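Understanding the architecture of this molecule
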Amino acid sequence: MINFDNLDRLALDGTVVLRPVFDPRLRTFSIQLWKNGEPGGIHGLIETFRYADEPLETIDAFLADHGVRAVTDEEAALLYAGLVQAKGGPDWALLLISIGADEQA
């Protein structure tokens, strides 16, 4: 079961955290990389990701460039949910309905 309270961050290990972000002004998605509590990079700083699944298509290459292991399928699903939650609105409501978790929102 997905823990909806922690979708704003995904810890890959004790030192690496990924944070899904939606910028409402630019209407773009990105994923922040944090290492040891410090910013380590932004996947989506140069690219323009308009849909939540787009940054996931290239996240492993971004992580490899920063010396971080690739995400698992489960971690990718959590990042996707975090990106949709960050945007909010009808997309988030539809995701909750589709996984049958609307009572947890």
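This one's a predicted model, so the numbers in the text were calculated from it and none came from an experiment. (Residues numbered from 1 in each chain as written. Predicted model: local features only at pLDDT ≥ 70, side-chain atom pairs only at ≥ 80, totals over all residues. Heavy atoms only, no water.)

1. Some points on the overall build of the chain
This is how it is decided: Each helix is a run of DSSP H or I of at least 4 residues and each strand a run of E of at least 2, with the numbering of both proceeding from the N terminus. For each residue, the accessible area found with a 1.4 Å probe, counting protein chains only, is set against the maximum for its type, and the residue is called buried under 20%, exposed over 50%, and partly exposed in between. The criterion used for residue contact is that any of the two residues' heavy atoms lie within 4.5 Å. Using a 1.4 Å probe, the Shrake-Rupley method yields the accessible areas, and only the shown protein chains count as cover for residues.
Helix and strand content of the chain: three helices and four strands. By the burial criterion, 33% of the 105 residues in the chain qualify as buried. Long-range contacts, defined here as pairs at least 24 residues apart, represent 41% of the contacts in the chain between residues at least 6 apart. By element, 53% of the accessible surface of the chain is carried by carbon and sulfur atoms, the whole surface being about 6,400 Å².

2. So, the environment of Asp53
Of note, Asp53 is situated in the loop between β4 (38–43) and α1 (54–65). It is 9.5 Å that separates the C-alpha atoms of Asp53 and Ala77, two residues lying 24 residues apart in sequence.

3. As for helix α2 (residues 73–87)
Under the convention used in this document: How far a helix is expected to stretch is found by multiplying one less than its residue total by 1.5 Å.
Helix length check: α2, at 15 residues, gives a terminal C-alpha distance of 21 Å against a target of 21 Å (1.5 Å per residue), a fit within 8%. Among all positions of α2, only Glu75, Leu79, Ala81, Gly82, Leu83 and Val84 are buried. Just downstream of α2 lies Gly88, where phi reads positive at about 75°.

4. Points about the sheet that holds strand β2 (residues 16–23)
As a reminder, the rule being used: We treat two strands as partners when DSSP finds at least two bridges between them. Here the axes come from fitting lines to C-alpha atoms, over the contacting stretch only for helices, and the angles between their N-to-C directions go from 0 to 180 degrees.
Judged by pairing direction, the sheet is antiparallel, and its four strands sit side by side in the order β1-β2-β3-β4 without closing on themselves. Each end of this open sheet is capped by a strand with a single partner; those strands are β1 (10–11) and β4. Bridging between β1 and β2 involves two bridges; their strand directions are antiparallel. Across the sheet, the residue bridging to Leu10 is Leu18, located in β2. Strands in contact with α2 are β1, β2 and β3 (28–35); relative to β2, the strand with the most contacts, it is inclined by about 35°.

5. Points about a nonpolar patch on the surface
Formally: Only residues whose relative accessible area exceeds 30% and that take part in no salt bridge are eligible for patches, with like-charged residues grouped when within 9 Å of each other and nonpolar side chains (Val, Leu, Ile, Met, Phe, Trp, Tyr) grouped when within 5 Å. Definition used for salt bridges: Asp or Glu carboxyl oxygen within 4 Å of a side-chain nitrogen of Lys or Arg.
On the surface, Ile42, Leu45 and Ile46 cluster together to form a nonpolar patch covering roughly 350 Å² of accessible area. Looking at the secondary structure, you find Ile42 in strand β4.

6. Some details on α1
Test applied: Within this analysis, the arc is defined by the directions that extend from the helix axis to the C-beta atoms.
Among the residues of α1, those classed as buried are Pro55, Leu56, Ile59, Phe62 and Leu63. The buried residues of α1 all sit within an arc of 105° when viewed along its axis, so they share a single face. Turned more than 90 degrees away from the buried face of α1, the exposed residues are Glu57, Ala64 and Asp65. On its buried face, α1 sits against β2, β3, β4 and α2. One or two positions beyond α1, positive phi appears at Gly67, with a value near 70°.

7. As for the side chain of His43
As a reminder of what qualifies: Definition of a polar contact: a pair of N or O atoms within 3.5 Å, with one able to donate and the other able to accept a hydrogen when the atoms are protein atoms, and with sequence-neighbouring residues admitted only if both atoms are side-chain atoms.
Among the secondary structure elements, His43 is positioned in strand β4. For His43, a relative accessible area of 2% corresponds to the buried category. Within the local environment of His43, its side chain forms a polar contact with the side chain of Thr58, the two groups lying 2.9 Å apart. Discounting residues that sit within four places of it in the chain, His43 has contacts with Ser30, Ile31, Phe49, Pro55, Thr58, Ile59 and Phe62.

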